[in-house]
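Report on the structure
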Amino acid sequence: MTESLHAYMRVGIIHFMAFPTAGGPESVQETVRAIALDDYFDAVELTRIGDTETREKVKSILEVSGIDVAFGGQPILLSQGLNINSLDESARQKAIAAMKAGIDEAVEIGAEGFAFLSGAYEEVTKEESYQALISSTKELCAYAKEKGDIKVVHEVFDYDIDKRSLVGPVALAKRYAEEICSEFDNFGLMVDLSHIPLLHESPKESILPIKDYLVHAHMGNCVMADPALPGYGDQHPRFGFPGGENHIDELVEYLQVLKDIGYLNKEKPPILSFEVKPINGEDPYLTIANSKRVLNKAWAKVR
């Protein structure tokens, strides 16, 4: 493409993945500010910031810089071992409560979307877990609608390698989205280039069946050839990482599918965020620079 990629997308980055050790208040503010100062980025994705004062300072950074924001509830579930589709009702309610608290924070910082993931399941009770997910998702959508104009977004994860989430394969993702969207207009799905190899699918296989429900997207890499390799599983190493599945050509294919279905468009450019993490002590800022260069090169090859 000769047209600027910024005409078709709002390039974002997942803060808590790019800076996985940014745990202290000053570090969080400093790294969010660094992203906001970089005009390559139109959006940043944040997760829970427990300290109220820090959250207010970050909110000010977002407002003053004019950068858009989305909220990732996935780390809340994963860090606490919570499962939104648990068949243990008390455990499911605990996950729902955590997600509602996340929605509250997302609304507070002005996020346009709140993302989460489904949890582990057993094959013999897969349908029961699916029905539990439906119930939980409807409750979250109803809650979010009460709070304001914010999308509830389910991210599609792998089902048999790392996160082993219920949703999961594209056929189930489509069934799930159809059922929720028949009742709620504030729900959608998120795809991630990092997860597509882990799902044993191609970009077309992963995206085309759910294109009508796609509201958010990530781009990154994964390692799955050998469990002994560094970064194996859903660890989101940089593009070109040794043993990785995704680099320029794979990103070109992904972008082409997203453009062909109209997700990437000039009328209402969506967020498309890097999900990359420094591995083995790599410099986060060099990882980010790598991502921008790869996207620039990939976009030049998109038709």
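Anyway, here's the lowdown on the structure attached to this text. (Residues numbered from 1 in each chain as written. Predicted model: local features only at pLDDT ≥ 70, side-chain atom pairs only at ≥ 80, totals over all residues. Heavy atoms only, no water.)

It is worth spelling out the pattern of salt bridges at this point. Tallied over the entire structure, the rule returns 17 salt bridges. A salt bridge links E112 to R10; its shortest N-O distance comes to 2.9 Å. Of this pair, E112 sits in the loop between α5 (89-108) and β4 (113-116) while R10 sits in strand β1 (residues 10-14), and the two are 102 residues apart along the sequence. On the basis of relative accessible area, E112 is assigned to the partly exposed category, the value being 34%. (Salt bridge = Lys/Arg side-chain N within 4 Å of Asp/Glu carboxyl O. Helix = DSSP H or I, 4+ residues; strand = E, 2+ residues; numbered from the N terminus. Buried < 20%, exposed > 50% of the residue type's maximum accessible area, 1.4 Å probe, protein only.)

Burial along β4 is two-sided: G113 and A115 facing one way and F114 and F116 facing the other are all buried. One ladder, built from four bridges, connects β4 with strand β5 (residues 151-155); its direction is parallel. Paired with F116 across the two strands is H154, which belongs to β5. What joins β4 to β5 is helix α6 (residues 126-147), and the crossover it makes is right-handed. (Pairing = 2+ DSSP bridges. Right-handed = clockwise from strand over helix to strand, strands pointing away.)

To continue, consider the side chain of T287. The residue T287 is located in helix α10 (residues 284-299) in this model. Not counting the four nearest positions on each side in its chain, T287 is found in contact with R238, V276, K277, P278 and E282. (Contact = heavy atoms within 4.5 Å.)

With parallel pairing, eight strands are arranged side by side around a closed barrel as β1-β2-β3-β4-β5-β6-β7-β8. With direction set aside, neighbouring strand axes in the sheet form an average angle of 30°. As judged from the four bridges shared by strand β2 (residues 43-46) and strand β3 (residues 68-72), these two strands associate in the parallel manner. Its bridge partner lying in β3, E45 is registered against A70. Of the strands in this sheet, β4, β5 and β6 (187-192) touch helix α7 (residues 170-181), which is tilted by about 155° from β6. (Axes fitted to C-alpha atoms, helices over the stretch in contact; angles between N-to-C directions.)

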